[in-house]
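Notes for the structure review
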Amino acid sequence: MYPVTKSAVPDLARYMGYVEQANARRRFSNFGPLHEELTARLEAFLGVENLLLVSNGTIALQIAYRVLGMTGRVVTSPFSFVATTATLQWEQLEPVFADIDAASLNIDPREVEKRLKGAGGIVTVHVYGNPCEVEALESLAAAAGVPLVYDAAHAFGARYRGESLLRWGDAATLSFHATKIFHTIEGGGIIFRKRSDFEAARELINFRLRDERPVGPAGTNAKLSEYHAAAGLALLDSIDEILERRAAIIHEYSRELRDWAGLQTWHPQSTPTGAYMPILLENEAQCLAVKAELEAQGIGSRRYFHPALNCIEGVGERQPCPIGEDAASRVLCLPLYAELGPSDVVLISDRVKQAISGRAGQ
Ligand SMILES: *Cc1c(COP(=O)(O)O)cnc(C)c1O
């Protein structure tokens, strides 16, 4: 029986060690010592500066938009988790969809360019951790004079040209939800390019207090607690093994399935971190049949992402994105978690092949 994901479990003894520190100090939130320790260790591990921890990956996006002053229409990708679009709407911004590239599954800079006139920002995602065309997007944003935000929820540990991918954009946001590679149960982070943006955001997530006095306009509460930081610190001790194992699983799956299903084309200047294992079936009918067949055999899979975000209700007038819609209709993510052994990957891949060729049960 293979679920599509199994959350990594923080070592209990380590976790309790950190919790005892918090209890002894009676310090549970408001940028406490565990929060600061996790920030420093993550900055060092990821190779980034100006990392602000927040209470989840969704509020991370909203805070980034606010601090960077996004306004009006924002060019974004139809192929992401719903939070990428929902956060724009929540912040009264209007999503304008630019279609993706069929091979990388990332937003296509040429499509962005067509929609940038009069727009107030660009928000896009490194899909499954695969780097966007960051140089092209950077120059488009600079030429238009608008902020560029990466939803980097899939890009924990991702490298690009030998450096952290998270250094790209005016801000890059992370999710530390329990289903992600690294997590704090619930939590998230924002990496700002500029120190001044980091400082503004740090005030904003603590009611915009300055010297204990609120300064306008209104802030909010999006701080990460000490117990959440404790879970992260406990998990961070085993992150190297987790990343290594997940990347190996991706490699094994890809070798098994490359002649059977479409695979995302990875950027040549990067390597997969093992965030997700998507396969593209021939069409939606085959996708649904394979999903049902796997389920009947106790193998979980997820239509991630489905539907395309330009097709969900409430995003306004329909903006066609044929490539994104096509990918969303036939993508399936396979089981992926560090405990999967090589023989599990072979077994799951065999079941996938049988389901694809309609030979299930033989
Ligand atoms: C998980 C995820 C989010 C949301 O993060 P939460 O921590 O669950 O709020 C946003 N964007 C993408 C692409 C994600 O995968």
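1. Some remarks on the overall build of the protein
Helices and strands together make up the secondary structure of the protein, namely 12 helices and 13 strands. Computed over the C-alpha atoms, the radius of gyration of the protein is 21 Å, within 12% of the 21 Å expected from 2.2 N^0.38 for a compact globule of 362 residues. Taken over the C-alpha atoms alone, the protein extends approximately 70 × 55 × 35 Å along its principal axes. By the burial criterion, 55% of the 362 residues in the protein qualify as buried. Considering only residue pairs separated by 6 or more positions, the protein has 70% of its internal contacts joining residues 24 or more positions apart. Accessible area for the protein stands at about 15500 Å²; split by element, carbon and sulfur atoms hold 51% of it. Between the centroid of the 36 positive side chains of the protein and the centroid of its 44 negative side chains there is a distance of 2 Å.

2. Here's the deal with the packing of aromatic side chains
What the rule picks out here adds up to 13 aromatic pairs. Judged by centre distance (5.9 Å) and plane angle (85°), the ring pair of tyrosine 160 and tryptophan 168 falls under edge-to-face. Using a relative accessible area of 22% as the deciding quantity, one classes tryptophan 168 as partly exposed. Above the face of the phenylalanine 81 ring, lysine 180 is positioned so that its terminal group lies 5.9 Å from the ring centre. In this structure, arginine 202 is placed above the aromatic ring of phenylalanine 31, and the distance from its NZ or CZ to the ring centre is 4.0 Å.

3. Side note on the packing of helix 1 (residues 12-25) against helix 2 (residues 33-46)
At a minimum axis separation of 10 Å, helix 1 and helix 2 run at an interaxial angle of 140°. The orientation of helix 1 with respect to helix 2, classified from their angle, is oblique. For the pair helix 1 and helix 2, the contacting residues are Tyr18, Gln21, Ala22 and Arg25 in the first and Pro33, Leu34, Glu37 and Arg41 in the second. Counted by class, the contact of helix 1 with helix 2 contains four nonpolar, one polar and three charged residues.

4. Describing the environment of glutamate 186
The topology assignment puts glutamate 186 in the loop between strand 8 (171-175) and strand 9 (188-192). For the pair glutamate 186 and valine 315, spaced 129 residues apart in the sequence, the C-alpha separation amounts to 27 Å. Apart from residues lying up to four places away in sequence, glutamate 186 is in contact with Ser55, Asn56, Phe176, His177, Leu224 and His228.

5. Let's talk about the sheet that holds strand 3 (residues 94-97)
The strand order across the open sheet formed by seven strands is 1-9-8-5-4-2-3, and the pairing between neighbours is mixed. Every other strand in the sheet has two partners, leaving strand 1 (51-54) and strand 3 as the edge strands with one partner each. If you compare each strand with its neighbour and ignore which way they point, the axes differ by 25° on average. Bridge count between strand 5 (residues 148-151) and strand 8: three bridges; the pairing is parallel. Bridge pairing in strand 8 links aspartate 151 to threonine 173. Contacts from helix 3 (residues 57-68) reach strand 1, strand 4 (121-125), strand 5, strand 8 and strand 9, with the element oriented near 165° to strand 8. Sitting on the sheet, helix 7 (residues 195-204) is in contact with strand 1 and strand 9, with an inclination near 20° to strand 1.

6. What to know about the site of the ligand
Near the ligand you find 14 residues, and of these Gly57, Thr58, Asp151, Ser175 and Lys180 are the closest. Between an oxygen atom of the ligand and a main-chain N or O atom of glycine 57, the distance comes to 2.8 Å. The side chain of threonine 58 places a nitrogen or oxygen atom 2.5 Å from an oxygen atom of the ligand. Protein contact buries 92% of the 380 Å² of open area that the ligand shows by itself. Residues of the shell around the ligand, tallied by class, amount to four nonpolar, eight polar and two charged.

7. As for the side chain of serine 77
Note on placement: serine 77 falls in the loop between strand 2 (73-76) and helix 4 (83-90). On the basis of relative accessible area, serine 77 is assigned to the buried category, the value being 0%. Setting aside anything within four residues of it in sequence, one finds serine 77 in contact with Phe97, Ala98, Ile100, Ile107, Val123, Thr124, Val125 and Leu309.

8. A few points about the side chain of histidine 183
Looking at the element boundaries, histidine 183 is found in the loop between strand 8 and strand 9. With relative accessibility at 1%, the residue histidine 183 sits in the buried group. Looking at histidine 183, its side chain comes within polar contact range of the main-chain oxygen of alanine 8, at 2.7 Å. At 3.0 Å, the side chain of histidine 183 and the backbone nitrogen of isoleucine 185 are in polar contact. Apart from residues lying up to four places away in sequence, histidine 183 is in contact with Ser7, Ala8, Pro10, Phe176, His177, Ala178, Ala231, Gly232 and Leu235.

9. A word on the environment of alanine 275
For alanine 275, the location among the structural elements is in the loop between helix 9 (239-257) and strand 12 (278-280). Among the residues examined, alanine 275 registers a relative accessible area of 8% and is labelled buried. Measuring from C-alpha to C-alpha, the distance between alanine 275 and phenylalanine 156 comes to 8.2 Å, with 119 residues separating the pair along the chain. Discounting residues that sit within four places of it in the chain, alanine 275 has contacts with Tyr128, His154, Ile181, Arg246 and Leu336.

What counts as what
- Residues numbered from 1 in each chain as written.
- Predicted model: local features only at pLDDT ≥ 70, side-chain atom pairs only at ≥ 80, totals over all residues.
- Heavy atoms only, no water.
- Helix = DSSP H or I, 4+ residues; strand = E, 2+ residues; numbered from the N terminus.
- Rg over C-alpha atoms; globule rule 2.2 N^0.38 Å.
- Buried < 20%, exposed > 50% of the residue type's maximum accessible area, 1.4 Å probe, protein only.
- Contact = heavy atoms within 4.5 Å.
- Areas by Shrake-Rupley, 256 points an atom, 1.4 Å probe, with all protein chains shown as cover.
- Lys, Arg positive; Asp, Glu negative; His and termini not counted.
- Charge placed at Lys NZ, Arg CZ, Asp CG, Glu CD.
- Phe/Tyr/Trp six-rings, centres within 6.5 Å; stacked < 30°, edge-to-face > 60°.
- Lys NZ or Arg CZ within 6 Å of the ring centre and 35° of its normal.
- Axes fitted to C-alpha atoms, helices over the stretch in contact; angles between N-to-C directions.
- Parallel < 35°, antiparallel > 145°, perpendicular 65-115°, else oblique.
- Nonpolar A, V, L, I, M, F, W, Y, C, P; charged D, E, K, R; others polar.
- Pairing = 2+ DSSP bridges.
- Near = heavy atom within 4 Å.
- Polar contact = N/O pair within 3.5 Å; in protein donor to acceptor, adjacent residues only side chain to side chain.

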